[in-house]
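Given next are the chains, with one letter for each unit.
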Protein chains: 2
Amino acid sequence: MIGEQSRRSTLHDVARLADVSIKTVSRVINGEPNVAPTTAQNVRDAIEMLHYLPDAAAANLARTGRETRSIALLIPTVDNQFFARIFHGVEQVAHEHGFVVFAASTDLDLATEESLIRIFASRQVDGFIIAPAPGDHRGVMAFLGTRMPCVFIDQTPAGVVADVVTVDNAAAAREAVTHLLHFGHRRIGFMGDDANLSTAYQRRASYEETLRAAGVVPDSDLEEMGICDTEGAEAAVRRLLGLTDPATAIFASRNMAAIGAVRVLQQMGLSHRVALVGMGEIDVSDLLEPPLTVMAQDPLGFGRLAAQRLFERIDGHDETPRTLIAPAHLVTRGSGEILLSR
Amino acid sequence: MIGEQSRRSTLHDVARLADVSIKTVSRVINGEPNVAPTTAQNVRDAIEMLHYLPDAAAANLARTGRETRSIALLIPTVDNQFFARIFHGVEQVAHEHGFVVFAASTDLDLATEESLIRIFASRQVDGFIIAPAPGDHRGVMAFLGTRMPCVFIDQTPAGVVADVVTVDNAAAAREAVTHLLHFGHRRIGFMGDDANLSTAYQRRASYEETLRAAGVVPDSDLEEMGICDTEGAEAAVRRLLGLTDPATAIFASRNMAAIGAVRVLQQMGLSHRVALVGMGEIDVSDLLEPPLTVMAQDPLGFGRLAAQRLFERIDGHDETPRTLIAPAHLVTRGSGEILLSR
DNA sequence: TTGAAAGCGCTAACAC
DNA sequence: GTGTTAGCGCTTTCAA
């Protein structure tokens, strides 16, 4: 074992050790026919002995119909159960197809998103699944072009036509607000994130529309947008409850908004006086005090659906882009079933 | 725009369009000196026009001191807040170093872990951070060898000497159990996962030791191992509470075990009679009923620490492997401060 | 059944 | 300042 270099061994090293040509080694590695059993075994022994591992990059470079069997997933942050489950779903389907998933976080920043797209595209991934940041995506799409398959998830990107997997925002917000109206509420607060995100403005629009349909005039004082973390959510709830004519119910249109709301309601001792409906499950919705009523989404299913769509594209199905809309459904647990008390 | 092929454009295409040699294009791309400003601008225009993107794989292949500026992160599943935060921490440090992180899930399965290591190694990542599955890692380490930097996180892998970042399991379990003993409990249940995982057996060992030191003989009926999801946790808690001489307190040594425990205690109406201390925070520990007392870990810090260590290795620091042990600290919130009631 | 030679897209060394 | 050449590790002709 003298002279064991730290250099990775190559096809040549294996060939030399097995006393064959590099082409023969290549044949064995790729399971091509026309190799004598003895030769093949010698080659395998040499591979084993040298801990040889093919260089995937070099192989792809040489191969004609390039395919790296990898896809990139861009999400705002993995550190949110919703996106973590999307990741999980994407990974499931990718593995079924023999692909690996490279995930990275954009922090909902368009510049970061673009830079990651460049990095992954330059690494020759076969496709993208992107939960887009707010902002005009025309540049991004022009760059990805028609040759790089791409499916957007959660948010509908601004300015472009592309495959999108998202929840039925209008229906979800309508059902949540209607639920609260049923319990007598008229002062219903709305908590949403960045108003440039499609989910945020669609949910708010539906919230307002549902109120109007019930004869309630929307009040902008009751609308808190731009919530991006639980601290922001807590501040927003305090404002909603501190109004001269305060909110008696809240629709928190993001999971983290709901978490902040629960926290403040507990602190203020209003958990059983102010009704709350969240959007999207959290791991322990049922264990909170009070148990959290939500419009449940299926992020695992989103991820799977987006991945399936992406593989259709990768396999060459060249239909026109579609928006796949998944339903959300109401899960009543207590926090949302609080009657208006005057 | 006639004849726009779907083939990706290459250095040659850019060179032809800008009417220079490929080397000049290469210079512009890599910001090398000795290019006339006008030439450089022509090249940049051509790049823009063709949507040219360098092929990172080919560039790395040609480059002498190969570095792909990427690291691989292998975790059991991203779909667990603990590992999601580790991911986040790793990503932070990697980005600070200009590296990208490729993450994948092992499902705590050694074969999957090994196969992912092959895939990533063959893609020439510069290093690994691995939360290892149970099982002998000698094969894995022999394969990675000394030339591929690798840091283990959370679990200490069996059978090998390597850099590890983990929590002080002995101290954490001791403090949790001592806390419960202080409140008069003698029948303290232990919930842990796969007994082959270092965190699980170390915590159990410390749990038993702490009991003995307090004059309590450990009872194997009170030890529930192999818990890997909340359903398993719920079944385990039911058994602990169904014993002839049932547990009056529980140390749930994993976050998901604690979630299952809270659920069952709520269902059985025992939330305020059975004391519970969890291990590791969950997003909303403070909002549960009752609020969850935990031995808090710092998974974000774990991730950062592991990444920092990995970059030391990548930068060539060749010290002997070390185990970095981070402390956990008790956060009392209510669930663990319940006096023994006879 | 096997091997030699060309070339994938790029960088490195050295010319001019 | 700029271009030419060789070659990274592999696959693909095509010949033996």
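Residues numbered from 1 in each chain as written. Chains lettered and ligands numbered in written order. Predicted model: local features only at pLDDT ≥ 70, side-chain atom pairs only at ≥ 80, totals over all residues.

Engineer: Any chance you could break down the overall build of chain A for me, citing the residues and the numbers?
Structural biologist: When helices and strands are counted, chain A shows twelve helices and twelve strands. Taken against the 2.2 N^0.38 rule, which gives 20 Å for 342 residues, the C-alpha radius of gyration of chain A at 26 Å runs more than 25% over that of a compact globule. The principal-axis extent of the C-alpha atoms belonging to chain A is close to 90 × 45 × 30 Å. The buried share of chain A, taken over its 342 residues, is 47%. Taking the intrachain contacts of chain A between residues at least 6 apart in sequence as the baseline, contacts between residues at least 24 apart amount to 69%. (Helix = DSSP H or I, 4+ residues; strand = E, 2+ residues; numbered from the N terminus. Rg over C-alpha atoms; globule rule 2.2 N^0.38 Å. Buried ≥ 20, exposed ≤ 12 C-beta atoms within 10 Å, placed from the backbone. Contact = placed C-beta atoms within 7 Å.)

Engineer: Run through the protein's contact with DNA strand C, naming residues and quoting values.
Structural biologist: Near DNA strand C lie 25 residues; those nearest to it are Thr10(B), Leu11(B), Ser26(B), Ala59(B) and Ala62(B). Those elements giving two or more residues to the surface near DNA strand C turn out to be α2 (22-29) and α4 (56-62) of chain A together with α2 (22-29) and α4 (56-62) of chain B. Partitioned by chemical class, the residues of the surface near DNA strand C number 13 nonpolar, eight polar and four charged. (Near = placed C-beta within 6 Å. Nonpolar A, V, L, I, M, F, W, Y, C, P; charged D, E, K, R; others polar.)

Engineer: Please give an account of the relation of the copies chain A and chain B that cites residues and values.
Structural biologist: In the superposition of chain A on chain B (RMSD 0.1 Å, axial shift 0.0 Å), the rotation amounts to 180 degrees. Taken together, the rotation and translation relating the two chain copies correspond to the operation of a two-fold axis. When the interface residues of chain A are mapped onto chain B, 100% of them again lie at the interface, so the same face is used by both copies. (Least-squares fit on C-alpha atoms with pLDDT ≥ 70 in both.)

Engineer: Break down the protein's contact with DNA strand D for me, with residues and values.
Structural biologist: Close to DNA strand D lie 25 residues; Leu11(A), Ser26(A), Ala59(A), Ala62(A) and Ser21(B) are nearest. Elements with a minimum of two residues in the surface near DNA strand D: α2 and α4 of chain A together with α2 and α4 of chain B. When the residues that make up the surface near DNA strand D are grouped by side-chain class, the tally is 13 nonpolar, eight polar and four charged.

Engineer: So, the environment of Gly139(B): which residues are in play, and what are the values?
Structural biologist: Residue and element names in this part refer to chain B. By the secondary structure assignment, glycine 139 is in helix α7 (residues 138-144). The exposure class assigned to glycine 139 is partly exposed, which follows from the 13 C-beta atoms found within 10 Å. C-alpha separation for the pair glycine 139 and isoleucine 86, spaced 53 residues apart in sequence, amounts to 25 Å.

Engineer: Can you explain the environment of Ala170(B)? Please cite residues and give values.
Structural biologist: Residues and elements named next belong to chain B. Take alanine 170: it is sitting in helix α8 (residues 169-182). For the pair alanine 170 and phenylalanine 143, spaced 27 residues apart in sequence, the C-alpha separation works out to 31 Å. Excluding anything up to four places from it in sequence, alanine 170 contacts Gln202 and Ser206.

Engineer: Tell me about α2(B), and please be specific about residues and values.
Structural biologist: Residues and elements named next belong to chain B. Turning to α2, its buried residues number three or more, namely Thr24, Val25 and Val28. An end-on view of α2 places all buried positions within 100 degrees of arc, on one side of the element. Taken together, the buried residues of α2 touch α1 (11-18) and α3 (37-50). Phi turns positive, to about 65 degrees, at glycine 31, one or two residues after α2. (Arc of directions from axis to C-beta.)

Engineer: Could you give me a rundown of the interface of chain A and chain B, with the residues and numbers involved?
Structural biologist: Contacts between the two partners involve 43 residues from chain A and, on the opposite side, 43 residues from chain B. Counting residues per element, the ones that place at least two in the side of chain A that touches chain B are α4, α5 (81-96), β2 (100-105), α6 (110-122) and α11 (255-267) of chain A. Considering each element in turn, the side of chain A that touches chain B owes the most residues, six residues, to β2(A). Tallied by class, residues from the side of chain A that touches chain B come to 23 nonpolar, ten polar and ten charged.

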